[in-house]
Structure formats: structure tokens, C-alpha cells
Amino acid sequence: MALLNKLGEIVKSAAEKTEELTKTLGEKAESALEIQRLNSQVNKERSKISDTHKKSVRSCGLNLKQAKKYLKNSRNTVLLSVKL
């Protein structure tokens, strides 16, 4: 009889541990899904920001070479006016 009681306790303990493990795994799976959902939202927002940045650069009408040339000419103009 003592053996059956001991065996019953072991089985009950194993079932409780399995239940705890299942609950923990479920919570971790939910957390992983939430993280994936948030990462997806972040990537969408990054894409929107990138698109907006590209559009604003295009609408400005200056590419990098033109901007550098403009700055170089502006610097020369400032230097000339200082020398005069």
C-alpha cells in the first residue's frame, strides 16, 4: 500500500510539473508572438520614415553632389566678401 501511495505522489507531482511547464511554455510563446508583432510594426514605421525621407530629398531637388557644390560655392562667396 505504501508503494502505491508513493507512486501516486510521484505521478501527481509529475502531472503538476508538466502543467507548470506547459503554462510557462505557453506564456513564452505568447511573448514571442507579441515581440514579433511589435518588430513588424517597427519595421513598417521604419519603412514609412525611409520613404518620407526619400520623397523629401527628391522634392528638395538637390542631390548630394549638388549640395556639396552649393556649399563649396557658398563658402567661397563668404570668403570673398570677407576679403573685400
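Our structure's up above, just so we're on the same page.
Here is a short report on the structure shown in this document. From a predicted model like this one, the values you see are computed outputs, not experimental measurements. Starting afresh in each chain, residues are numbered from 1 along the sequence in its written order. A pLDDT threshold of at least 70 governs which residues receive local features in this predicted model, and a stricter bar of 80 or more applies before side-chain atom pairs are shown or counted, although totals over entire chains, interfaces and linings include all residues. Side-chain metrics rest on all non-hydrogen atoms present in the structure, leaving aside hydrogens and water.

### Re the overall build of the protein
Basically, it comes down to this: Secondary structure follows DSSP: runs of H or I at least 4 residues long count as helices, runs of E at least 2 residues long count as strands, and numbering of each begins at the N terminus. Note on exposure labels: buried denotes an accessible area under 20% of the residue type's maximum, exposed denotes more than 50%, and partly exposed covers the range between, all computed with a 1.4 Å probe on protein chains only. Methods summary: accessible areas were calculated by the Shrake-Rupley approach with a probe of 1.4 Å, and residue burial reflects only the protein chains presented.
Scanning the protein from terminus to terminus reveals 2 helices and 0 strands. Buried residues in the protein amount to 0% of all 84 residues. When the accessible surface of the protein is totalled, it reaches about 8,200 Å², and 62% of it is carbon and sulfur.

### A word on the pattern of salt bridges
The criterion, for reference: Counted as salt bridges are all cases of a side-chain nitrogen of Lys or Arg within 4 Å of a carboxyl oxygen of Asp or Glu.
With the rule as written, the count across this model stands at 2 salt bridges. Of the charged contacts, one joins Glu-34 and Arg-37 as a salt bridge, the two residues approaching to 2.6 Å between their closest N and O atoms. Residue Glu-34 and its partner Arg-37 are located together in helix H1 (residues 2–60), separated by 3 residues, close to a single helical turn. Between Lys-48 and Glu-45 there is a salt bridge, with its nearest N and O atoms 3.4 Å apart.

### Remarks on a nonpolar patch on the surface
Heads up, the rule is: Surface patches are defined over residues having more than 30% relative accessible area and no salt bridge, joining like charges when they lie within 9 Å and nonpolar side chains (Val, Leu, Ile, Met, Phe, Trp, Tyr) when within 5 Å.
Where nonpolar side chains cluster on the molecular surface, the patch consists of Met-1, Leu-4, Leu-7 and Val-11 and spans about 470 Å² of accessible area. As for its placement among the helices and strands, Val-11 is situated in helix H1. Since its relative accessible area comes to 52%, Val-11 is described here as exposed.

Geometric descriptors of this kind do not, in isolation, establish any biological role.
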